[in-house]
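Observations on the model geometry
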Amino acid sequence: GATIGMVGGGQLGRMFAMAAARMGYRVGVFCGSSDEPAAEVAAFTVCGPLTDHSAIEAFAKRCDVITLEFENIPADTIAACSKHAPTYPDASVLAMAQDRWIEKTTLREAGIPVAGFEPVHDRETVVAAGEKLGWPIIVKTCRSGYDGKGQHRLNSPDDAASVEWAGAESGGDGQPPWVAEALVPFEREASVIVARTLDQRVETFPVFENDHQNHILDETKLPADVSPEMETQAREIARRVAEHLGLVGLLCVELFVTKDELIVNEVAPRPHNSGHVTIEACATSQFEQHVRAICGLPLGDTSMVVPAASMLNLLGDIWVAAESHGASPNWESCLETPGVALHLYGKHAAPAGRKMGHLTAVGNDLPEVSERLRLARERLLGGLG
Ligand code: ATP
Ligand code: MG
Ligand code: MG
């Protein structure tokens, strides 16, 4: 069998490796240390920092194709990989995904609907951006933000004093370190995962509906509560993004759903937290689809195999709360809930806010599924005092 290289050792890499292994591939993981979630399920692991080109090239030489599970990989690291094996997504897709300014300008040029945005360098330019876009605005660092980190909501010019504008890094000459966005009055948030192959075949998954708590994804529900027209439109947008970028692999498009339109928030060129629900809910999981896409196999059937499904994240907060009672999460009680699938990522420390695992349930009726799943999660802290 062929060997697939995965750059990155987190839970996305772990679930990818598990799907690939099931399909008969050997998976090698390149990551920082051998106890990371993906390393523990890989056929082999090469450890080192992403800047260690000799380690990366030694890794790449053992692989037939290479992919990744996070977008903040230095361009020259990807270049080092692609000397030895096809590497997907390629450097241009990564450059776009690493910088919100490039991301938003690329999407706008492609005719994809995005919220109004303006470049921000300092306090003066953010005030000008607010006047142009209309207050309130959301400002985000252009690089390396996730789970809402590096974001500020500014309600008026007065709020501009509270942000340390020199604290964000620019992606290159003349590029802004921050971007200001108009606040989108969304009714719900959604995402669409799209896969594309080197020979230009494309498949999209059904639309997922996402609820965030404290800027971190909490629940993903399927089917999304959107009209059939919006469902089609959202999947069409994802397809256009993938085609415009010349993507090979998997990409998630995050969307705001307003009363009558869809607006793209951001994209991620990899498996996505909202796609975990596909493991139980769809004929093909996002991880298997990723394997198929980068290996040039036929893309899988993305349709739902159940009428309704929901996924709830398990954050480190649960471990922290259990620990405060001198206990561990109550897995026995949680797993007594009928039809709940447990996924744990094997992380060795559980600080608040860290994604430790998730639960998925499926059924006939979405409110019932969602309620049963919440009960299962609550039971993790049941009977602890
Ligand atoms: P991640 O990569 O983990 O999804 P992130 O740090 O890249 O998060 P965004 O996805 O840009 O952050 O924003 C996080 C959340 O903040 C969004 O899901 C949405 O709930 C809210 N948000 C962001 N931008 C806007 C906006 N322009 N209008 C309204 N809400 C917004
Ligand atoms: Mg993001
Ligand atoms: Mg996001």
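Keep in mind the model is a prediction, meaning the values are calculated, not measured.

1. Topic: the overall build of the protein chain
Scanning the protein chain for helices and strands turns up twelve helices and 17 strands. Here the C-alpha radius of gyration of the protein chain, 21 Å, is about what a compact globule of 385 residues would show, namely 21 Å. Its C-alpha atoms give the protein chain principal-axis dimensions of roughly 55 × 55 × 45 Å. Sequence-distant contacts, at least 24 apart, represent 63% of the contacts inside the protein chain between residues at least 6 apart.

2. Overview of the sheet that holds strand β7 (residues 151-154)
Pairing is antiparallel across the open sheet formed by four strands, whose spatial order is β5-β8-β6-β7. Edge positions in the sheet fall to β5 (117-120) and β7, since each of these pairs with one other strand and no more. Direction aside, the axes of adjacent strands within the sheet are offset by 25 degrees on average. As judged from the four bridges shared by β5 and strand β8 (residues 178-182), these two strands associate in the antiparallel manner. Residue pairing in the sheet places phenylalanine 117 in a bridge with glutamate 181 of β8. Against the sheet, helix α5 (residues 100-109) engages β5, β6 (137-141) and β8, with an angle of about 45 degrees to β8.

3. Topic: the site of ligand 1
Around ligand 1 sit 17 residues in total, of which Gly145, Tyr146, Asp147, Glu181 and Val184 are the nearest. Secondary-structure elements contributing two or more residues to the shell around ligand 1 are β6 and β14 (262-268). Residues that form the shell around ligand 1 fall into these classes: five nonpolar, five polar and seven charged. Among the domains, domain 2 (116-182) and domain 3 (188-381) are the pair contributing at least three residues each to the shell around ligand 1.

4. Quick notes on the pairing of strand β1 (residues 3-7)
Among the five residues in β1, four count as buried, and that is most of the element. The sheet contact formed by β1 and strand β2 (residues 26-31) spans five bridges and is parallel. In the strand pairing of β2, valine 7 is matched with phenylalanine 30.

5. Observations concerning the UniProt feature "domain: ATP-grasp" (unreviewed entry) in the protein chain
When the UniProt feature table is mapped onto this chain, "domain: ATP-grasp" (unreviewed entry) is found at residues 104-295. Secondary structure content for residues 104-295 is 25% helix and 31% strand, while the C-alpha to C-alpha distance between its ends is 29 Å.

6. Points about the nonpolar core
Judged by nonpolar contacts, the single largest core of 104 residues is most densely connected at Met6, Val29, Ala180, Val192, Val241, Leu251 and Val253. In contact with methionine 6, not counting residues within four places along its chain, are Gly13, Phe16, Ala17, Val27, Val29, Ala38, Thr67, Leu68 and Glu69.

7. Some thoughts on unusual backbone geometry
With glycine set apart, most residues show a phi of negative sign, and most peptide bonds adopt trans. Put simply, tyrosine 88 and proline 89 share a cis peptide bond, and its omega is 0 degrees. Relative to the helices and strands, proline 89 is located in the loop between α3 (75-82) and α4 (91-97). The omega angle of the peptide bond from tryptophan 135 to proline 136 is -5 degrees, so this bond is cis rather than trans. Note on placement: proline 136 falls in the loop between α6 (123-133) and β6. If you check the backbone angles, aspartate 147 has positive phi at about 50 degrees while not being a glycine. Along the chain, aspartate 147 falls in the loop between β6 and β7. The phi torsion at asparagine 214 lies on the positive side, around 50 degrees, for a residue other than glycine.

8. Let's talk about the domain arrangement of the protein chain
The domains assigned to the protein chain are domain 1 (3-87), domain 2 (116-182) and domain 3 (188-381). One C-alpha centre belongs to domain 2, the other to domain 3, and the line joining them spans 29 Å.

9. Here we look at the sheet that holds strand β4 (residues 65-68)
Taken in spatial order, the four strands line up as β3-β2-β1-β4 in an open sheet, and their pairing is parallel. The sheet is open, and its two edges are formed by β3 (44-47) and β4, each paired on a single side. Neighbour-to-neighbour, the strand axes of the sheet open up by a mean angle of 25 degrees, direction not taken into account.

10. Here's the deal with the environment of arginine 196
Along the chain, arginine 196 falls in strand β9 (residues 188-196). The class for arginine 196 is buried, based on 26 C-beta atoms found within 10 Å. Through-space distance from the C-alpha of arginine 196 to that of leucine 251 is 8.6 Å; in sequence the pair is 55 residues apart. With near-sequence residues (within four places) excluded, arginine 196 lies in contact with Arg201, Val202, Ala242, Leu247, Val248 and Ala293.

About the criteria used
Residues numbered from 1 in each chain as written. Chains lettered and ligands numbered in written order. Predicted model: local features only at pLDDT ≥ 70, side-chain atom pairs only at ≥ 80, totals over all residues. Helix = DSSP H or I, 4+ residues; strand = E, 2+ residues; numbered from the N terminus. Rg over C-alpha atoms; globule rule 2.2 N^0.38 Å. Contact = placed C-beta atoms within 7 Å. Pairing = 2+ DSSP bridges. Axes fitted to C-alpha atoms, helices over the stretch in contact; angles between N-to-C directions. Near = placed C-beta within 6 Å. Nonpolar A, V, L, I, M, F, W, Y, C, P; charged D, E, K, R; others polar. Domains from an automatic or database assignment. Buried ≥ 20, exposed ≤ 12 C-beta atoms within 10 Å, placed from the backbone. UniProt positions renumbered as here; feature names shortened; annotations may be inferred. Core = buried A, V, L, I, M, F, W, Y, C linked by C-beta atoms within 7 Å.

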